[in-house]
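Spelled out, the chains give:
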Amino acid sequence: MDAGTGYTIEGASGTWEVVIGLEVHAQVISNAKLFSGAATAFGAAPNTQVSFIDAAFPGMLPVINRECVAQAVRTGLGLAAQINLVSRFDRKNYFYADLPAGYQISQYEHPIVGQGTIEIELDGGITKSIGITRLHLEQDAGKSLHDQHPSKSYIDLNRAGVALMEIVSEPDLRSPEEAGAYLRKLRTILRYLGTCDGNMEEGSMRADVNVSVRRPGEGFRTRCEVKNVNSVRFVMQAVEAEARRQIAVWEEGGTVEQETRLYDVARGVTRSMRSKEDAHDYRYFPDPDLLPLVLEQGWVDALAAGLPELPDAKKRRLMARHGLSAYDAGVLVAEQATADFYERLAAGRDAKLAANWMLGDFFAALNRTGRTISDPPVSAAQLGALLDLIADATINGRIAKEVFEAMVETGDDPAAIIDARGLRQVTDTGAIDAAVAAVLAANADKVADYRGGKEKLFGFFVGQVMKAMAGKGNPALVNDVLRRHLAGGG
Amino acid sequence: MLTDLTLAVARAGLARRDFSATELTQAHVDAVEALNPTLNALITVTADQALAQARAADAALASGDDRPLLGLPLAIKDLFCTKGVRTTAGSRILGPFVPPYESTVTANLLRDGAVFLGKANLDEFAMGSSNMTSAYGAVVNPWKRRQDADAVLVPGGSSGGSAAAVAGRIALGATGTDTGGSIRQPASFCGIAGIKPTYGRCSRWGIVAFASSLDQAGPFARTVEDCAILLRSMAGHDPKDSTSADRPVPDFAAACARGVRGLRIGVPREYRADGMPGEIEALWQQGLAWLRAEGAEIVDVSLPHTKYGLATYYIVAPAEASSNLARYDGVRFGLRADGGDLRELYEHTRAEGFGEEVRRRVLIGTYVLSAGYYDAYYLRAQKVRALILRDFTDAFAQVDALLTPTAPSAAFAQGENMDDPVAMYLNDVFTVPASMAGVPAMSVPAGLDGNGLPLGLQIIGRPFDEETVFAVAAAIERAAGFDALPAIRPGAVAAE
Amino acid sequence: MSLDAATVRRIASLARIGVGEDEIEGLRTQLNSILGWIEQLNEVDVTGIAPLTGAAQMALKMRDDVVTDGGDPDGVLANAPERAGDFFVVPKVVE
Ligand SMILES: [Mg+2]
Ligand SMILES: [Zn+2]
């Protein structure tokens, strides 16, 4: 395995390593549920998106949704993983208020997707390969509301039966930073693929975090599973909190028990989960209501052919074709919409200049205005027009910044702003000659110094000339004319 | 009497307007009223609905409608969900459950014009072979022992109410379900015909599940042809059931007239069970002789894993049931017994709601799936199940159908066989193997034992070859000329 | 394999069936008699045999991704033993 972040925790008795594996539940983007025809939209009124199948009424039977299967296969392909042409559904049996059938239909022994990998990027330009153990399809449970009544829980089954992909990583992660990078990268891939919206606030992506600690060089010790952590930040916090708890247990001479825990966001600690007493006896067995899921290679191939370019490939292409740095390319591909914006902007233009503008002024403007890449204050076409005006010397770079700010403010096209404000670059050598002559005349002492060898003063003269020309002088011409005058040319 | 007609004859009579659908249904409603208090065959009687359906059928008949079941009154096993009509599965735990949907099989029957008299009693969740486990009381077999007329006999199970209703002539036909013999064994005990079609032939959608990989719906009637007519309506591909077979439904009734000339009929030697009554062995030989006389060739075959069928069944079925019945938890429908917390609510509801046999099977099923025991029990049972299927596949390479006794005994009395669950399970020893293999199997009444009680023979066919099963069953029916009548039936009960 | 009382309690708890202490011994005897009888399967040589899950020998059919169901909270809640508005209700669950 690659180096990674080299993260360790110093305990009272020495150094500890942290070992992390993530099980991510990603809600599949589909119109209808995995085994029923009820809708999946977020935020509907309680129990309005529930079929009798989802509510496990007597005699109701599951029928699988082809699109959910396709989404799992696309995701598997996107993770460079093995697609299993024959997989099977099993029942995971346990009682819970929001699990209507008393079992969850999942894939235990024979998942639809096998081993794959995700490349994560860490600070300092390090990349690390994280193994994917498997991806399987399963049903989501309903939602219990515990805060509506002092002694009752209320059950909403809208989410019951929605398709989830459970994506299980190998225990390859070694620090909170790596865990965070993994989650962000996974989310990026899922969004590129259009198989999960990655919206952790709405619960469409949740992570179960498996944490253990060990002395450097040791084998694995007992792990605990911190369930249902719902943001990247909380995952990173939960890893650290749980690792520190386990270190304390070991260092006090105790033994960490394998168990399911919850991360208490308010207190920043993990605690044991009462409702999971039977967690180790789920009595998995093949669901007799369903038959083996058999996929045709041709169907899988067609899905593969329809996949979009994924972030890693896009990044490599941007670096190779446009000469961007790994860092810049990484930022540009992190979101599909950002990458699309960039590619529209860079098409037929100076790609590096385009990247600098996007990563600099454009991102700053997004931040400042609170807008997003899908709802930007300046469109790719408008920003492109601005770059074109720089390229054809209508304006210079400095004026361009001023024009850009005006574009952000007004939403107007750059040409209109330039015309209205008279910002067109001066390329008339007569005007430049006059400005240079005036500046040199007013600074005769500095001219003498320059000619005496203080060549650094050249920048000062450029600044003065530009200032005199209200910034509109063509920089190349200004330089030429200045050199000529300073050399005594007149 | 209108209640003595076969379904086919009643259909012809309606078509000729010899009588109206309303008269036919009224005769059965009267019979229900007179006999159901004795038989307890129906849990819920829907007389008003039946008469309304009959009036609608008369109007349709008048306009030339000739749907295959138009105006024919049936009983529906109370395991089929019926829209707007309470469905109990024979259990307290479903309590007042009223399904907002109609099972596919009953919807098919309604589509074809059938009239529903009510919901037939059954062993709780179809678990039993005597109908003694119903929360709604035992069903009484309309037949009586000649020597011991006071003994109350069981109708068999689990579809005992359906079988008793048809035998007692309070319905022309009935639906049943068969998981390990629940159509064939009660048909044999009640002197009527009943078929479990190939797994996947009838949709399971809307039928309260017992063991999903085994459950299969099928009809009861007093003749083989009537079963064929009913099955044609019940069967068919259903996209709502992933295990439903996408195959055309043949004209089963036409197959009844085919005869058996040239067919090879297998006699599985392993069905000669120890201690099987001589009368049953004799009837079996008689059945083979009838078929030989009709031109069939009789061939000895071996199904070597037959003796393991029951034990395999008692792992697979309880395992699936333990999971299928987890939904009865007092939260969304049915009975709720309160508790201090959710766990107590579950435990109280399920302790109060489930009867003894269901509890026993759920516990067995939970055990055989639990950590550390899965491989030893469940996985092993699935492998033996594969061997049982292989037995049938091998046998059907040599023969077109198999003939066996349906059950190892005639109907027994309430209270007999009740102490030891395993002794009760042995009732299904001849029916379970076909269930494990998913192949079609039918019981046809073939004679009486020394006590005047009916005995059935079982015909087992290749997957999706119900037509041969009907052909063989009809040949036996013709040869047997079974015309004995049960003691309890319309018009006869007064003479008791 | 023979069940002891603790195992009977554990299974009953897994299955969420309340069983009184006075019922344990009877259940234990019955379950052991069934399990003892089932043990005849150990006689069967199953080496190399693939387990048979169900009787249907086909592949799974898939349906289209179309919303065809739902939108009927009253139907879904009509049989509920306890409801509050459009929610099912259970005793408070502590996680
Ligand atoms: Mg998990
Ligand atoms: Zn999961």
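As recorded in an unreviewed UniProt entry, chain C goes by Aspartyl/glutamyl-tRNA(Asn/Gln) amidotransferase subunit C and comes from Acidisphaera rubrifaciens HS-AP3. Here is the UniProt Sequence similarities (unreviewed entry) comment for chain C, exactly as written: "Belongs to the GatC family."

Under the annotation held in an unreviewed UniProt entry, chain A carries the name Aspartyl/glutamyl-tRNA(Asn/Gln) amidotransferase subunit B and is attributed to Acidisphaera rubrifaciens HS-AP3. Chain A has a UniProt comment under Sequence similarities (unreviewed entry) that states "Belongs to the GatB/GatE family. GatB subfamily."

Some thoughts on the overall build of chain A
In terms of helices and strands, chain A carries 15 helices and 17 strands. In terms of overall dimensions, chain A has a C-alpha envelope of 95 × 55 × 50 Å along the principal axes. Here chain A, with 490 residues, has 55% of them falling under the buried criterion. For chain A, the proportion of contacts with a sequence separation of at least 24, taken over those separated by at least 6, is 68%. Between the centroid of the 53 positive side chains of chain A and the centroid of its 64 negative side chains there is a distance of 3 Å.

Overview of helix α2 (residues 21-38) of chain C
Counted at 1.5 Å a residue, the expected span for α2(C) with its 18 residues is 26 Å, and the 26 Å between its end C-alpha atoms agrees. Looking at the packing, one finds that the buried side of α2(C) touches α10 (309-324), α12 (356-369), α13 (375-395) and α14 (421-425) of chain B together with α1 (5-14) of chain C.

Things to note about the side chain of C:N79
Within the secondary structure layout, C:N79 lies in the loop between α3 (73-77) and β2 (83-84). By relative accessible area, which is 14% here, C:N79 ends up buried. Of note is the side chain of C:N79, whose polar atom sits 3.1 Å from the backbone nitrogen of B:V98. Residues contacting C:N79, with those up to four places away along its chain left out, are A:F57, B:P96, B:F97, B:V98, B:P100, B:R332, B:F333 and B:G334.

Observations concerning the sheet that holds strand β5 (residues 90-93) of chain A
To summarise the sheet geometry, strands pair through backbone hydrogen bonds and adopt either a parallel or an antiparallel arrangement. Strand order across the open sheet formed by 3 strands is β6-β5-β16 (chain A), with antiparallel pairing between neighbours. At either margin of the open sheet sits one strand with a lone partner, and together these are β6 (103-106) and β16 (285-286) of chain A. By the bridge criterion, 4 bridges tie β5(A) to β6(A) in an arrangement that is antiparallel. Its bridge partner lying in β6(A), A:R91 is registered against A:I105. α10(B) contacts β5, β6 and β16 of chain A of the sheet and is inclined by roughly 60° relative to β5(A).

A word on the sheet that holds strand β4 (residues 173-178) of chain B
Residues and elements named next belong to chain B. Spatially, β1-β3-β2-β4-β6-β5-β10-β11-β9-β7-β8 is the arrangement adopted by the 11 strands of the open sheet, whose pairing is mixed. Sheet topology places β1 (42-45) and β8 (297-301) at the edges, where each strand pairs with a single neighbour. With direction set aside, neighbouring strand axes in the sheet form an average angle of 30°. Alignment of strand β7 (residues 264-268) against strand β9 (residues 401-405), held across 2 bridges, turns out to be parallel. Each bridged residue has a counterpart across the sheet, and for I265 the counterpart in β9 is A401.

Focus: the interface of chain C and chain B
On the chain B side, the residues contacting the 51 residues of chain C number 69 residues. Around 5,100 Å² of area is buried between chain C and chain B when both sides are counted, 68% of it from carbon and sulfur atoms. For C:E43, the salt bridge goes to B:K307, with nearest N and O atoms at 3.6 Å. Applying the counting rule to chain C against chain B returns 18 residue pairs in polar contact (both at pLDDT 80 or more).

Looking at the coordination of the zinc ion (ligand 2)
Within the protein, the zinc ion (ligand 2) binds to A:H25 (NE2), A:E138 (OE) and A:E166 (OE); these donor distances fall in the range 1.9 to 2.1 Å. Expressed as a motif, the donor residue spacing for the zinc ion (ligand 2) is H-x112-E-x27-E.

Quick notes on the UniProt feature "domain: Asn/Gln amidotransferase" (unreviewed entry) in chain A
Per the UniProt annotation, the sites labelled "domain: Asn/Gln amidotransferase" (unreviewed entry) are residues 340-486 of chain A. Between the C-alpha atoms that bound residues 340-486 of chain A there is a distance of 48 Å. The span itself is 72% helix and 0% strand.

Some remarks on the pairing of strand β11 (residues 163-169) of chain A
Residues and elements named next belong to chain A. The buried fraction of β11 amounts to 7 of the 7 residues, a majority that puts the element mostly inside the structure. Neither face of β11 is exposed, since A163, M165, I167 and S169 on one face and L164, E166 and V168 on the opposite face are all buried. Pairing of strand β2 (residues 14-27) with β11, which is carried by 5 bridges, proceeds in the antiparallel orientation. Counted as the bridge partner of A26 is M165 from β11. Bridging between strand β8 (residues 126-139) and β11 involves 7 bridges; their strand directions are antiparallel.

Looking at the domain arrangement of chain A
According to the domain assignment, chain A consists of domain 1 (9-303), domain 2 (309-421) and domain 3 (429-486). Spacing between the C-alpha centres of domain 1 of chain A and domain 3 of chain A amounts to 66 Å.

Thoughts on empty space enclosed by the protein
Overall, the coordinates contain 4 cavities of 30 Å³ or more when judged by the stated rule. In this structure, the largest cavity spans a volume of roughly 220 Å³. Lining the largest cavity are 23 residues, with A:I53, A:D54, A:A101, A:I105 and A:Q139 sitting closest to its centre. For the lining of the largest cavity, the leading source of residues is β6(A), giving 3 residues. Of the residues contributing to the lining of the largest cavity, the split by class is 13 nonpolar, 4 polar and 6 charged. The calculated volume of the second largest cavity comes to roughly 140 Å³. Forming the walls of the second largest cavity are 15 residues, and the residues nearest its centre are A:G59, B:R204, B:I207, B:A209 and B:D215. A class-by-class count of the residues in the lining of the second largest cavity yields 7 nonpolar, 4 polar and 4 charged.

Quick word on the side chain of B:R336
Positionally, B:R336 belongs in the loop between α10 and α11 (342-353). At 2.8 Å, the side chain of B:R336 forms a polar contact with the side chain of C:E82. Contact partners of B:R336, with chain neighbours within four places excluded, come to B:G330, B:V331, B:L345, B:T349, C:P81, C:E82, C:V89 and C:V90.

Thoughts on the nonpolar core
Residues B:F125, B:F392, B:F470 and B:I476 are the most contacted members of the largest nonpolar core, which totals 221 residues. Here this core takes 10 residues from α13(B), the largest share from any one element. In contact with B:F392, not counting residues within four places along its chain, are B:Y271, B:L303, B:L402, B:P433, B:A434, B:A437, B:V439 and B:I460. Counting residues in hydrophobic clusters, the runner-up holds 115 residues, among them A:A81, A:L186, A:M205 and A:L290.

Cut-offs and rules
Residues numbered from 1 in each chain as written. Chains lettered and ligands numbered in written order. Predicted model: local features only at pLDDT ≥ 70, side-chain atom pairs only at ≥ 80, totals over all residues. Heavy atoms only, no water. UniProt positions renumbered as here; feature names shortened; annotations may be inferred. Helix = DSSP H or I, 4+ residues; strand = E, 2+ residues; numbered from the N terminus. Buried < 20%, exposed > 50% of the residue type's maximum accessible area, 1.4 Å probe, protein only. Contact = heavy atoms within 4.5 Å. Lys, Arg positive; Asp, Glu negative; His and termini not counted. Charge placed at Lys NZ, Arg CZ, Asp CG, Glu CD. Expected span 1.5 Å × (residues − 1). Polar contact = N/O pair within 3.5 Å; in protein donor to acceptor, adjacent residues only side chain to side chain. Pairing = 2+ DSSP bridges. Axes fitted to C-alpha atoms, helices over the stretch in contact; angles between N-to-C directions. Buried area = accessible area lost by both parts, 1.4 Å probe. Salt bridge = Lys/Arg side-chain N within 4 Å of Asp/Glu carboxyl O. Donors = N, O, S within 2.8 Å, 3.2 Å for Na, K, Ca; no water. Domains from an automatic or database assignment. 1 Å grid on protein atoms, 1.4 Å probe; cavity = no way out; pocket = protein on both sides within 12 Å on 5 of 7 lines; lining within 4 Å. Points joined across faces, edges and corners; volume = space filled by probe spheres on them. Nonpolar A, V, L, I, M, F, W, Y, C, P; charged D, E, K, R; others polar. Core = buried A, V, L, I, M, F, W, Y, C linked by side-chain atoms within 4.5 Å.

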